[in-house]
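So you can see what is in the structure, the chains are spelled out below.
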Amino acid sequence: MLRIKLDRIDELLAAIAKAQTLYLPVDRSDGQAEFRKWTEGARLSNALNTVRSAKDFFFPQTEKLMEFKTEGKKIEVVDTREDCEDFVIFGVRACDARSFEILDKVYLVDPVDTFYKNRRDHATVVTMACDRPAETCFCHAYGIDMTEPGGDVTCYKQGGYLYVNANTDKGTRLVETVASLLEDGDTAELEKAKAQTKEIYAQLPLAKLSMDNFGGDKMDEYFNSPKWKELSEACLGCGTCTFICPTCQCFDIQDFNTGHGIKRYRCWDSCMYSEFTKTAGGQPRPSQLERFRQRFMHKLVYFPANNEGEFGCVGCGRCLVKCPISMNIVKVMKALEEK
Amino acid sequence: MMNSCDSLIPKIGVVTDIRIDTPDVKTFRVVTPDGKKAFEHEPGQCAMLSIPGVGEAMFSITSSPTNTEYMEFSIKKCGCVTEWLHSMEVGQQITIRGPYGRPFPVETELKGKNLLFIAGGIGLAPLRSVINYCRDKRENYGSLQVIYGSRSKDDLCDYQEILDDWLKDDKMEVDLTIDREQEGWDGHVGFVPNYVKELAPTTDKTVLVCGPPIMIKFTLAGLKELGFTEQQVYTTMELRMKCGVGKCGRCNIGNKYVCKDGPVFRFDELDSLPDEY
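In this text, all values refer to a predicted model and were calculated from it rather than measured experimentally.

### Some details on the overall build of chain B
A count of helical and extended segments in chain B gives 7 helices and 15 strands. A globule of 277 residues ought to have a C-alpha radius of gyration of about 19 Å, and chain B, at 18 Å, matches this closely.

### Describing the domain arrangement of chain A
All names here are of chain A. Segmentation of chain A into domains returns domain 1 (2-59 + 82-202) and domain 2 (219-249 + 269-337). In this structure, domain 1 and domain 2 have C-alpha centres spaced 28 Å apart. Among the residues forming the side of domain 1 that touches domain 2, the class breakdown is 14 nonpolar, 4 polar and 5 charged.

### A short note on the sheet that holds strand β11 (residues 251-257) of chain A
Residues and elements named next belong to chain A. Spatially, β5-β4-β12-β11 is the arrangement adopted by the 4 strands of the open sheet, whose pairing is antiparallel. At either margin of the open sheet sits one strand with a lone partner, and together these are β5 (74-78) and β11. Neighbour-to-neighbour, the strand axes of this sheet turn through a mean angle of 25°, independent of strand direction. The pairing of strand β4 (residues 62-71) with β5 spans 5 bridges and is classified as antiparallel. By the bridge assignment, Glu71 is partnered in β5 with Lys74.

### Overview of the interface of chain B and chain A
Counting from both sides, the interface comprises 35 residues of chain B and, opposite them, 43 residues of chain A. Mapped by element, the contributors of at least two residues to the side of chain B that touches chain A are β4 (55-60) and β6 (93-100) of chain B. A class-by-class count of the residues in the side of chain B that touches chain A yields 14 nonpolar, 13 polar and 8 charged.

### Considerations on the sheet that holds β4(B)
Residue and element names in this part refer to chain B. Taken together, the 6 strands give an open sheet; going across it, the order is β4-β3-β6-β1-β2-β5, and neighbouring strands pair in antiparallel fashion. Both edges of this open sheet fall to β4 and β5 (71-76), since each of them pairs with a single strand only. Neighbour-to-neighbour, the strand axes of the sheet open up by a mean angle of 40°, direction not taken into account. By the bridge criterion, 6 bridges tie strand β2 (residues 25-31) to β5 in an arrangement that is antiparallel. Pairing of Thr27 across the sheet is with Ser74, part of β5.

Conventions adopted
Per chain, the residues get numbers from 1 upward, laid out in the order the sequence is written. By the order in which they are written, chains take letters starting at A while ligands take numbers starting at 1. Only residues with pLDDT of at least 70 get local features here, since the model is predicted, and only at 80 or more are side-chain atom pairs given and counted; chain-wide, interface and lining totals rely on the full set of residues. Secondary structure elements follow DSSP: runs of H or I of four or more residues count as helices, runs of E of two or more count as strands, with numbering from the N terminus. The reference for a compact globule is 2.2 Å times residues^0.38; the radius of gyration itself is calculated from the C-alpha atoms. All domain edges in this entry derive from an automatic or database-based domain assignment. In this count, Pro and Cys sit with the nonpolar residues alongside Ala, Val, Leu, Ile, Met, Phe, Trp and Tyr, while Asp, Glu, Lys and Arg are called charged and the others, Gly among them, polar. Note: two strands are recorded as paired if DSSP finds a minimum of 2 bridges between them. Only the stretch in contact is used when a helix axis is fitted, and all axes are lines through C-alpha atoms; the angle between N-to-C directions ranges over 0 to 180 degrees. Here, residue contact means that the backbone-derived C-beta atoms of the two residues sit within 7 Å.

Here it is in structure tokens:
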């Protein structure tokens, strides 16, 4: 497999950035990592994961859909869509890489969302295998192998080297552009390291988590569970879980009058908010209990019912870290499973 | 600029006629700027109408697909978008996209059937499309009966069309009711669900019902007392929507999206969904 010494990784990143716009996880001043556009001197973060997921690249928090010009009673719709440039997302973890496939099941099914597809078509996803999973990780529950994260190119760190393997044509083209920096290397040690990572993972608290009791056929069993009341009682409805979740994909559409034209935007929204379903005629989910239940039922039951058993969660663990009341999908699953 | 079209990007529609139906319902006639129908639809389908800068909302298409000249929307004033629509003048342009959703199965399950339409208030809007479709393709259906009620005589939508066309049509039965006694009204007085029970329609009919949730609930209960099964009764639902194509997540109930899997449902299909509508 091709490889480069880890102390030359900056050269590799610079070479990629010369060919295409490059995004990579970097450490912020507060020590947390986030994806940023590569600039001279950017250092790849060693953090296990970014605060916000990588969904932002394909489903940004806010995006302009179109503009309108109005004059008297006349309206003109201005299609402002443009082909985006090719770009590379470097260092995507296995969980986030899987989340793209889940978002695809929403945005690339008929009718295809052209805003999403445009960015998806122009992106090359370079993943980074995990070598030290955290206590909040549970990707295996969804059949994800953290040591084989997939994407267009997979990178593995081992023994002072970064190993690089192209998985797709797009990935091969990217690797070719930096081929002069890469050398052939033996992968025997890499295979050993992957096995060690899995051993570490097996010792972690969520390693035994199973999805066997969840899926598309569990609606009647869980929707009326008395557990929702207790689980949702402390929920603040802040929506943090939704925003950091790599698979949450609900949105709002709002118009903004700039004073010299109207712009229509799509923005992230959350089923945890009361406004989400409120209509002039009433509110089908009047309390936080119903909203909270919707979010988890959608991930654990409704989404798999429509997508051949695939869950709307990838086990990245962000919600376990970030929820201000320490509620999360794992606690919900465990509570629902208690008979 | 991209070559492909996107379902979120609307067309322009021109409002060519505004009819005042009730104190809070107006019916808007819409065509494209070159005078054509914006798109073809099937009875029960919906369209997204918007006024840039104000907002976009989903409305049922009130006119029948057999109308080849224009589309009509009967809209009740109840929020930001609808208030703006009500303040419009003829000639105003709006945006329109669609059609969205699963229609009433007029060419399959409903074909050849005796049909009973039950509507309350603005609930007539989506049913009017089906009623007029069936009247235009009269030979394809058995008996047609409409039971329609509203708060008062003045709140009956499309009343003029009911008087001029439906009541004069000897190939259909129309039974009207209003909630309370009113001067100048010598017809039936009482709530729709009770009137249905009084009229006691025979169970050889397939029923299409639309109205306020409470009216639908009691009407369904009454129909069951009369011997109707849930497989014989269809309704059309209304939930908040943004995209209309099953992506924005708002109208998700259980594993269904009302915008694309509905808005038309048969009651036995609703049984398997959580009670969140």
